[in-house]
Structures are given as structure tokens and as C-alpha cells.
Amino acid sequence: MDARFAQAEQRHQELREDMLARFEQVDKRFEQVDKRLEQVDKRFEQADQRHQELRADMLARFEQVQKHFEQVERRLDRQDERFKSIDARFDEMIRRHDRHFLWLIGFITTVGALVIAAGKLL
């Protein structure tokens, strides 16, 4: 009977050692999983950092584009002013041409009247 108890005790001891070995294997696997999760966390942190860098670059470039648009807008405003001055000069030139046309009509009418008057007197 003692031999059977000894065998049972030995069997329990072997089972316990086997169970502890398996738990150690599971612990090692968990440690490996933890290491992998740490690597994943590092990768996510790197991705977040890269995302932030890209966002900062994008915002800087948008600011550059905004500055370029502001420069173009200022140039267009200057061109509008130049076109206004050109329009004013054209208006003045048209008024002068209208005056010259009236003088020309008056001159032609006067010369025509003189020619007709000279033709009747002669």
C-alpha cells in the first residue's frame, strides 16, 4: 500500500512538474506576445510621429500656397488699378476724338457753305 501511495505521490509530482513546465512555456509565450505588443506599440508611435511630421509639412506647404495666392491677389489688384488708369485714358481719348470730329464736321460744313456761297455769287 505504501508503494502505491509512493507511486501515486510520484505520479502527482510528475504531473505537477509537467504542469509547471507547461505554465512556464505559456509564460514564455506571453512574454513573447508582450514583446511583440511592445514592438507594435513602437511601430504605432513611429507611425503617429510620422503622421505628425507629415501633417506639419502639409500645413507648412498650405501656408506657402496661401502666401502665393496672396501675392497673386496683390498683383491682380495692381493690374486692376492699371486697367482703371488705362480706361480713364481711353475715355479721355474718346472725348478728344469726339471734339475733333465735331470740329471736322463744323469745318466741312463751313467750307461747304463757303463753296456754295461762292458758287452763287460768281
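Because the structure is predicted, anything quoted here is derived from the model rather than measured.

Even after reading the chapter, I still don't get the overall build of the chain, so can you show me in this structure?
Of regular secondary structure, the chain possesses one helix and zero strands. Taking 122 residues into account, the globule formula puts the C-alpha radius of gyration at 14 Å, and the chain, at 51 Å, lies well above it. Counting every position in the chain, which comprises 122 residues, the buried fraction comes to 0%. Accessible surface, the chain: about 12600 Å² in total, of which carbon and sulfur atoms supply 57%. Placing the 24 positive and 25 negative side-chain charges of the chain at their respective mean positions leaves the two points 11 Å apart.

Explain a nonpolar patch on the surface here, please?
Together, Phe101, Leu102, Leu104, Ile105, Phe107, Ile108, Val111 and Val115 give the surface a local cluster of nonpolar side chains, amounting to about 790 Å² of exposed area. Mapped onto the secondary structure, Leu102 falls in helix 1 (residues 2-121). Here Leu102 falls in the exposed class, since its relative accessible area comes to 61%.

The rules we used
Residues numbered from 1 in each chain as written. Predicted model: local features only at pLDDT ≥ 70, side-chain atom pairs only at ≥ 80, totals over all residues. Heavy atoms only, no water. Helix = DSSP H or I, 4+ residues; strand = E, 2+ residues; numbered from the N terminus. Rg over C-alpha atoms; globule rule 2.2 N^0.38 Å. Buried < 20%, exposed > 50% of the residue type's maximum accessible area, 1.4 Å probe, protein only. Areas by Shrake-Rupley, 256 points an atom, 1.4 Å probe, with all protein chains shown as cover. Lys, Arg positive; Asp, Glu negative; His and termini not counted. Charge placed at Lys NZ, Arg CZ, Asp CG, Glu CD. Patch = residues over 30% accessible without salt bridge, like charges linked within 9 Å, V, L, I, M, F, W, Y side chains within 5 Å. Salt bridge = Lys/Arg side-chain N within 4 Å of Asp/Glu carboxyl O.

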